[in-house]
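These are the residues of each chain, in order.
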Amino acid sequence: MPVVSLSANGMEKNPGFSLTPMMLDRIFYAMTYGDLLMLLANQCRPYELEPGAADALVDRWANRLTGEMKGRGLVSYRAVRRNYDAIVSDFAALPRKKEEKVLVGVVGEIYVKFSPLGNNNLEDFLLSEGAEAVVPGLLDFCLYCVYNQLNDHRLYGAGGFWKTLIFRKVYDMLCKKQKDVIEAVTREGTFRPGGYFPHTVELVRGYISHGVKMGEGWLLTAEMLELIEQGVGNIVCTQPFGCLPNHIVGKGMMRIIKARNPESNIVAVDYDPGATKINQENRIKLMLANARLMEQQSAQPPREVKVYAEKTQPTDTGKQEKLPLAASAVDPLEEEEQLVVQNG
């Protein structure tokens, strides 16, 4: 079976195959549709009243969108935006349980992050453990690749004026399309939208340079920070075994991220044919146990400050001098056991 490798810089040659503008147009919209379906399905699966309803809806929309893309000519963007709204409305109409689940973000190397074959069905495992998977979209990675071209021109003068101008136009167009998806989700109001890439770019300032672009580079760090900002502090960082660049920008950045974001709960998991599935799952289970413990601790009633009576003592002149008020942090459950300070 022939394998076609898409390479923007010409590293891979595919005789007999070429990308046409019409194909690129469909590839792009397939990606935005896919990111939207993934986002909504992940927010429905853990709560669906009818098991499999979210996946059935994904299949129904995938078949419909595939049929719409079989025609000739460029895809109508007006029709695409109507589809965004219809997709969000259909998922919002799915009957769901009203309960809270532990939110777990998934980041990492591009293949291991998205492929169930590469990550031992990580999303299904999280679902079986009573968690909701939160996965940043594929469009972010494409924007990351385009942004790196612009950044190379800024740092090293690479690419030339016209090439950089084209990449700038592509970057602005992709950001605009991503914003339209975010607005469709926000407009309906039921689901959490994904992140906006220009904001994601800014999150890593002070953590890692945008010049670090080996593998998933600074984007991996940025996605962890984006998830934490969205309230998803529990994160699985998926890494191919022995991939040095991803270990640097993933596991290597975990300490500073945790130091500046104490509410974060991050675990790095190596995925390799030689690694046992049980060890990978046990690491994730420990992370989930810690997540639930942190939730319990944050749900406990806050400790309140009790102020007690003033004390006085005689001075050398015979006058009574007031001492500072005695204060103590008292747990409401232990309040009855506290001794009240009496006047001198």
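Residues numbered from 1 in each chain as written. Predicted model: local features only at pLDDT ≥ 70, side-chain atom pairs only at ≥ 80, totals over all residues. Heavy atoms only, no water.

## Notes on the side chain of serine 264
Summarising the element assignment, serine 264 is placed in the loop between helix 11 (254-260) and strand 4 (265-271). Of the polar contacts made by the side chain of serine 264, one reaches the backbone oxygen of asparagine 261; its length is 2.6 Å. The contacts of serine 264, once residues within four sequence positions are left out, are Ile228, Gly233, Ile257, Lys258 and Met294. (Helix = DSSP H or I, 4+ residues; strand = E, 2+ residues; numbered from the N terminus. Polar contact = N/O pair within 3.5 Å; in protein donor to acceptor, adjacent residues only side chain to side chain. Contact = heavy atoms within 4.5 Å.)

## Re the pattern of salt bridges
Here the idea is simple: oppositely charged side chains can pair when their charged atoms come close. As enumerated under the stated definition, the model contains 13 salt bridges in all. A salt bridge links aspartate 55 to arginine 45; its shortest N-O distance comes to 2.7 Å. Separated by 10 residues along the polypeptide, aspartate 55 in helix 2 (residues 53-68) and arginine 45 in the loop between helix 1 (21-44) and helix 2 bring together distant segments of the chain. A salt bridge links glutamate 281 to lysine 277; the nearest nitrogen and oxygen atoms lie 3.9 Å apart. Here lysine 277 and glutamate 281 lie together in helix 12 (residues 277-299), a separation of four residues that amounts to about one turn. (Salt bridge = Lys/Arg side-chain N within 4 Å of Asp/Glu carboxyl O.)

## Here we look at the sheet that holds strand 2 (residues 131-134)
If you trace the four strands from one edge of the open sheet to the other, you get 2-1-3-4, paired in parallel fashion. Since the sheet does not close on itself, it has two edges, and those belong to strand 2 and strand 4, each with one partner. In this sheet, adjacent strand axes meet at a mean angle of 25° when their direction is disregarded. With four bridges connecting them, strand 1 (residues 102-108) and strand 2 associate as parallel partners. Bridge assignment links valine 104 to a residue of strand 2, and that residue is alanine 133. Contacting strand 1, strand 2, strand 3 (234-240) and strand 4, helix 9 (residues 217-229) runs over the sheet at an angle of about 170° to strand 1. (Pairing = 2+ DSSP bridges. Axes fitted to C-alpha atoms, helices over the stretch in contact; angles between N-to-C directions.)

## Here we look at the nonpolar core
If you look at the biggest cluster of nonpolar residues, it comprises 65 residues, and the most contacted ones within it are Tyr29, Tyr84, Ile87, Phe91, Tyr171, Phe197 and Trp218. Take this core: its biggest share by element is 10 residues, from helix 1. Counting 19 residues, the second-largest nonpolar core is a separate cluster that includes Val102, Val112, Val236 and Ala291. (Core = buried A, V, L, I, M, F, W, Y, C linked by side-chain atoms within 4.5 Å. Buried < 20%, exposed > 50% of the residue type's maximum accessible area, 1.4 Å probe, protein only.)

## Concerning the packing of aromatic side chains
Enumeration according to the criterion identifies 11 aromatic pairs in this entry. With centroids separated by 5.0 Å and ring planes inclined at 80°, the aromatic side chains of phenylalanine 161 and tryptophan 162 adopt a geometry described as edge-to-face. Across the pair, tryptophan 162 and phenylalanine 161 agree in class, each one exposed. By way of ring pairs, the aromatic residues Phe141, Tyr144, Tyr147, Tyr171, Phe197 and Trp218 are connected into one cluster. (Phe/Tyr/Trp six-rings, centres within 6.5 Å; stacked < 30°, edge-to-face > 60°.)

## Observations regarding a nonpolar patch on the surface
Residues Val4, Phe17, Leu19, Met23, Leu24 and Ile27 make up a contiguous nonpolar surface patch of roughly 460 Å² in combined accessible area. The residue valine 4 is located in the segment before helix 1 in this model. (Patch = residues over 30% accessible without salt bridge, like charges linked within 9 Å, V, L, I, M, F, W, Y side chains within 5 Å. Areas by Shrake-Rupley, 256 points an atom, 1.4 Å probe, with all protein chains shown as cover.)

## Focus on the confidence of the model for the chain
In the predicted model, the chain carries a mean pLDDT of 85, and 84% of its residues have values of at least 70. Summarising per-element confidence for the chain, the mean pLDDT is lowest in strand 8 (residues 327-330) (41) and highest in strand 2 (96). Every residue in residues 323-344 scores below 50 in pLDDT, and together they form 39 contacts with partners more than four places removed in sequence or on other chains. (pLDDT = per-residue confidence, 0-100.)

## Some remarks on the environment of proline 46
Assignment of secondary structure puts proline 46 in the loop between helix 1 and helix 2. For the pair proline 46 and alanine 131, spaced 85 residues apart in sequence, the C-alpha separation works out to 7.1 Å.

## Overview of unusual backbone geometry
The phi torsion at asparagine 120 lies on the positive side, around 55°, for a residue other than glycine. Mapping asparagine 120 onto the fold places it in the loop between helix 4 (110-114) and helix 5 (122-128). Unusually for a residue other than glycine, asparagine 121 sits at a positive phi of about 55°. With respect to the helices and strands, asparagine 121 occurs in the loop between helix 4 and helix 5.

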